[in-house]
Amino acid sequence: MPRAPLERAMGLLSITVLAGCTLLPIPRAHPTESSDEPRFVAPASPVKWALVLSSGAMRGFAHIGVIQELRAAGLEPDLIVGTSVGAIVGAFAGSAIEDERLAEATQAINASILGDLQLSRYGLIGGGGIHEFVDRFTRHHSIEDFPIQFAAVAVEAGRSCLEVFNAGDAGKAAQASTGVPVVFSPASIRGRRYLDGALISPLPVRVARALGAQRVVAVNVVLDPKDRPFPNILESFWRMSLVTQWALAANEAVDADLVLSPQLPPEAMITFSRRDALIEVGARAVRENLPGILRLLAADPPNRQRFHTTIEDFMCPETHAALRGSRLPVRP
């Protein structure tokens, strides 16, 4: 039996956001102070290895399995860089959330975290629910206080440039990174509006390199457009977005040392009710590649240039200038 129109429409949203069909107001328990707004701080030194988590909506449950299995193997990255749902999971992992609390957060992920229905000229949903959800489970710690370095990738709407948030309020940084155009009203930070980082960098490998990562293990759960039916004109908009994200992710994947591509089930089976199976897929990807991960981390890192042209050209001017002025080596 074909899905009802409303269910089909909400299924479209789930392609690009961690969404469902009920929108509940979630007030901010701890409003962000102006001094704690997300921001970029140039790193002072390289890091041994980074874990990069891609965008991918509900497919991002696999990221949680990756985190859990790496922990079980005694492996903690020095840096986590995430886009969209990867920024949400990355914030949890960067804050060193306990396994029990991570499991609690995982089970709490549903439509209610999206926030309030807030029709505006910019989007349908306010997005503050993601802000509060992430802050609550990271205990409202600022990113710079996380035990593991963390960065969320977003796009500054006014100048269409790539922004990196590695300090300040983690929840608002995640909100900015998940700001799917039209669906969410862009997060406003210091007078600028921010959109989903997947618009430029759905698999932010080169951001991790720019932040000094000598080794990069990337987890790619971006949907291959071939796996998504194209039944009508309504879904053509979403398919265009999928094609773009898939191509951008493939382009950045070549600069990772290792890419984990969890073998996710067909798109029709990517649902909240199957979250445990999706988590297990991510965990299995780590188990199957664990010998390679261990060899990679034990080997001496290659001599790599810190910047890649496609990221350097798209970074917001202030962020790029800060990186250029840092103590990390830069290319001539």
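Anything mentioned here points back to the structure above.
Given the structure is predicted, the values throughout are model-derived calculations rather than measurements.

Each aromatic ring pair is specified by the distance between its two centres and by the angle formed by the two planes. The final tally for this structure, using the stated rule, is six aromatic pairs. Summarising the aromatic geometry, the rings of Phe-92 and Phe-133 are spaced 5.9 Å apart at their centres and angled 65° between planes, so their arrangement reads as edge-to-face. A residue pair is termed long-range when its members are at least 10 positions apart, and Phe-92 in helix H3 (residues 85–94) and Phe-133 in helix H5 (residues 128–137) qualify at 41 residues. Taking relative accessible area as the criterion, Phe-92 reaches 2% and is therefore assigned buried. According to the relative accessible area criterion, Phe-133 is buried, its value standing at 3%. A centroid spacing of 5.1 Å and a plane angle of 55° characterise the contact between Phe-133 and Phe-137, whose relative ring orientation is tilted. Taken together, the residues span about one helical turn, with Phe-133 and Phe-137 both in helix H5 at a distance of four residues. Neither residue differs from the other here; Phe-133 and Phe-137 are each classed as buried.

Packing of helix H2 (residues 61–72) against helix H9 (residues 275–298) leaves a shortest axis separation of 6 Å and a crossing angle of 45°. Relative to H9, the element H2 lies oblique. With respect to the hand of their crossing, H2 and H9 are arranged in right-handed fashion. Only Arg-275, Leu-278, Ile-279, Gly-282, Ala-283, Val-286, Arg-287 and Ile-293 of H9 make contact with H2, whose side of the interface consists of Phe-61, Ala-62, Ile-64, Gly-65, Val-66, Gln-68, Glu-69 and Leu-70.

The buried count for strand S1 (residues 47–53) comes to six of seven residues, which makes it a mostly enclosed element. Bridge count between S1 and strand S9 (residues 213–219): six bridges; the pairing is parallel. Each bridged residue has a counterpart across the sheet, and for Trp-49 the counterpart in S9 is Arg-215. Examined bridge by bridge, S1 and strand S2 (residues 79–83) share four bridges and lie parallel to one another. The partner of Ala-50 across the bridge, within S2, is Leu-79.

With that settled, consider the state of the cysteines. What the rule picks out here adds up to one disulfide. Between the sulfur atoms of Cys-161 and its disulfide partner Cys-316 the distance amounts to 2.1 Å. On the sign convention where negative is left-handed, the bridge of Cys-161 and Cys-316, at about 85° about the S-S bond, is right-handed. Of the two residues, Cys-161 is situated in strand S5 (residues 161–165) and Cys-316 in the loop between helix H10 (309–314) and helix H11 (317–324); the sequence distance between them amounts to 155 residues. In this pair, the class of Cys-161 matches that of Cys-316, namely buried.

What follows concerns the environment of Glu-98. Within the secondary structure, Glu-98 is located in the loop between H3 and helix H4 (99–108). Remark: the alpha-carbon pair of Glu-98 and Thr-138, spanning 40 residues in sequence, is separated by 10.0 Å. Engagement of the side chain of Glu-98 in a polar contact is seen with the side chain of Arg-139, the distance being 3.3 Å.

A word on the packing of H2 against H3. As a packed pair, H2 and H3 sit with axes 10 Å apart at the nearest point and diverge in direction by 30°. With respect to H3, the axis of H2 lies roughly parallel. At the point where H2 passes H3, the crossing takes the right-handed sense. Note on element contacts: H3 touches H2 through Val-85, Gly-86, Val-89, Phe-92 and Ala-93, opposite His-63, Ile-64, Ile-67 and Arg-71. The residue makeup of the contact of H2 with H3, split by class, is six nonpolar, two polar and one charged.

Rules of the game
Residues numbered from 1 in each chain as written. Predicted model: local features only at pLDDT ≥ 70, side-chain atom pairs only at ≥ 80, totals over all residues. Heavy atoms only, no water. Phe/Tyr/Trp six-rings, centres within 6.5 Å; stacked < 30°, edge-to-face > 60°. Helix = DSSP H or I, 4+ residues; strand = E, 2+ residues; numbered from the N terminus. Buried < 20%, exposed > 50% of the residue type's maximum accessible area, 1.4 Å probe, protein only. Axes fitted to C-alpha atoms, helices over the stretch in contact; angles between N-to-C directions. Parallel < 35°, antiparallel > 145°, perpendicular 65-115°, else oblique. Left-handed = near helix turned anticlockwise from the far one by under 90°. Contact = heavy atoms within 4.5 Å. Pairing = 2+ DSSP bridges. Disulfide = S-S within 2.5 Å. Polar contact = N/O pair within 3.5 Å; in protein donor to acceptor, adjacent residues only side chain to side chain. Nonpolar A, V, L, I, M, F, W, Y, C, P; charged D, E, K, R; others polar.

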